[in-house]
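Residues per chain, in single letters:
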Amino acid sequence: MTGTTTAPLRGHERILTIGLVTLITLAAFEAIATATVMPAAREDLGGTALYGWAFSAFLLTSLVGIVYAGAAADRHGPARPLILGLIAFGVGLLVAGLAPSMPVLVLGRAIQGIGAGVVPPVAYVAVGRGFDEAARPRIFALFATAWVVPGLLGPALAGAAADYLTWRLAFLAVVPPVVIAGAIVLPALSRLGPVPATTARANSAPLRWAVVLALGAGLMLAGVSLRSPLLSPVPIVLGLATGVAALHRLLPAGTLTARRGLPSAILGLGALNMAFFGIDAFAPFLLTEVRGQSAIVAGLIVSTAAVTWTAGTWFVERNATRWSRQAFIRTGTFLVAVGAVGLIALTNDAVPVPVAFAVWAIAALGIGLAYPNFSLITLASAPAGEVGAVTAGSKLAESLAGALGTGIVGSIVAAGEAGGWTAGAFAIGFTLMASVALGATALSTRLPGHRAAASALWIVPATEHA
């Protein structure tokens, strides 16, 4: 890797690496498999109105997991929060895999989200405290590339299970490997004890406000889902007021008003995640519901995206000294918008299905270019002594924005299916997300434009890509 020195890993470092990469690989497979099989689950269980909630509930509850793990890893060491997180993740998998109805599946996904939210902070703490500085770039590279195999094989395996066996295997089959991965990584994590109280204080965020934020966002999405001019405004207004109050306490000042510098970086990162994941969750659904494709074919769009996302990240690493971070972000967010517009065309039967794979590959390439640079600007702009708090804020923004994106598009699609205008609903939802991506492009003018450091580019997202 450019600008780095490779150092051999010691015994406990190798074990810790294997365990962490295994956990991230499993999380990647589960996320990709869920996106692939959800159309089959919806067909089996019904509840189209709750389709988007299967993704939004996961992302909303991950907010709580993120904040809890960040504070607990500092106070008690990373092993304790990971144990609780793996338990929650496993229970959620079982509930979702055995769900007799869509509401129960959403409940399972919500429980999963708490556990999944624990993994990114624990992984970052483990890398920061369990590895020598020279070894860290390699570990982050492994985290990023852990998505490649699930991206290539996950959709095909999950699609085949949905078409020929049962979609439930996408959840149930992940439980045993999670137990095994936990058994590998926990002994190594136990070597990392708590940090001094002053550091833990700087790296913590109020858990209660994370809960308030999740509830507020949930109220907003519930109001949108009601689609009633009389009933919808009440939960929307209450949720908005609650969520904004919580965000003011969890995010750096000026984030919601796009203040130049760090606040705009966090806001732009949220907009990028909202736009991409608001569409990514529904791309397979578009192919099965509107274009009549099988789950296997629909899942290939997720595979293609995983590959080009990774390719975009590698391109950043190789060209870090040639492009500014601002230029990477401007190009990447614009490509996400281009991919969104391209998928809108797929609502027309005259457009060949293979176009979907090409245009969404472009969008994934775009997020691969933009995401690591948003994250690097966020870290580089954090005030001294507040890196942990700022990182927690950026992860919260990512998860919240992804939840809102999937929830909003899900509500629009549900309304369209109920009213007989499904194709139009996809077009409206994707157009909205394309506009959000262009908003992120506009925010690039409010960011620092200095060039990236190649040795620090390997940052992975805390939403579904965690």
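**Q** How should the pattern of salt bridges be read in this particular structure?
**A** Proximity of charged atoms lets side chains of opposite charge pair with each other. This model, assessed by the stated rule, comprises five salt bridges. Glutamate 30 is paired through a salt bridge with arginine 109; the nearest N and O atoms lie 2.9 Å apart. A residue pair is termed long-range when its members are at least 10 positions apart, and glutamate 30 in helix 1 (residues 11-45) and arginine 109 in helix 4 (residues 102-130) qualify at 79 residues. We note a salt bridge from glutamate 417 to arginine 42, for which the minimum N-O separation is 3.8 Å. Here glutamate 417 is found in helix 17 (residues 387-419), whereas its partner arginine 42 is found in helix 1, with 375 residues between them in sequence. Three or more residues are tied together by salt bridges with common partners; here these are Arg42, Glu289 and Glu417.

**Q** Looking at this model, I keep getting lost on the packing of aromatic side chains. Mind explaining?
**A** Both the distance between ring centres and the angle between the ring planes are used here to describe each pair of aromatic rings. Counted according to the given criterion, the structure contains 14 aromatic pairs. Ring geometry for tyrosine 51 and phenylalanine 55: centres 5.9 Å apart, planes at 50°, overall tilted. As far as burial versus exposure is concerned, tyrosine 51 and phenylalanine 55 are alike and both buried. When the ring of tyrosine 51 is compared with that of phenylalanine 282, the centres are 5.5 Å apart and the planes differ by 40°; the resulting orientation is tilted. Residue tyrosine 51 is found in the loop between helix 1 and helix 2 (53-76), and its partner phenylalanine 282 is found in the loop between helix 12 (262-280) and helix 13 (283-289); the two are separated by 231 residues along the sequence.

**Q** Mind showing me how you'd approach the confidence of the model for the protein here?
**A** Parts of the model with low pLDDT should not have their predicted coordinates read in detail. Scored by pLDDT, the protein has a mean of 79; 83% of the residues are at 70 or more. Looking over the protein, one finds the lowest element-wise mean pLDDT in helix 9 (residues 197-202), namely 47, and the highest in helix 18 (residues 422-443), namely 93. Note that residues 198-205 has pLDDT below 50 and, in this model, 15 contacts with residues that lie over four places away or in other chains. Contacts of residues 450-466 to residues separated by more than four positions or lying in other chains number 77 contacts, the stretch itself having pLDDT below 50.

**Q** I tried to follow the environment of alanine 327 on my own but got confused; where do I start?
**A** Within the element layout of this structure, alanine 327 appears in helix 15 (residues 325-345). Taking C-alpha positions, alanine 327 is 8.8 Å from alanine 370, a pair spaced 43 residues apart along the chain.

**Q** Just to check I follow, could you spell out the layout of surface pockets for this structure?
**A** Leftover empty space is mapped by rolling, across the atoms, a probe with the size of a water molecule. The volume enclosed by the second largest pocket comes to roughly 360 Å³. Considering the residues around the second largest pocket, the lining is formed by 20 residues, among which Leu247, Leu256, Leu267, Leu400 and Leu404 are closest to the centre. At the level of elements, helix 10 (207-226), helix 11 (233-250), helix 12 and helix 17 are the ones that each hand at least two residues to the lining of the second largest pocket. Here the element with the most residues in the lining of the second largest pocket is helix 12; it accounts for five residues. Among the residues making up the lining of the second largest pocket, the classes are represented as 16 nonpolar, four polar and no charged.

Calculation criteria
Residues numbered from 1 in each chain as written. Predicted model: local features only at pLDDT ≥ 70, side-chain atom pairs only at ≥ 80, totals over all residues. Heavy atoms only, no water. Salt bridge = Lys/Arg side-chain N within 4 Å of Asp/Glu carboxyl O. Helix = DSSP H or I, 4+ residues; strand = E, 2+ residues; numbered from the N terminus. Phe/Tyr/Trp six-rings, centres within 6.5 Å; stacked < 30°, edge-to-face > 60°. Buried < 20%, exposed > 50% of the residue type's maximum accessible area, 1.4 Å probe, protein only. pLDDT = per-residue confidence, 0-100. Contact = heavy atoms within 4.5 Å. 1 Å grid on protein atoms, 1.4 Å probe; cavity = no way out; pocket = protein on both sides within 12 Å on 5 of 7 lines; lining within 4 Å. Points joined across faces, edges and corners; volume = space filled by probe spheres on them. Nonpolar A, V, L, I, M, F, W, Y, C, P; charged D, E, K, R; others polar.

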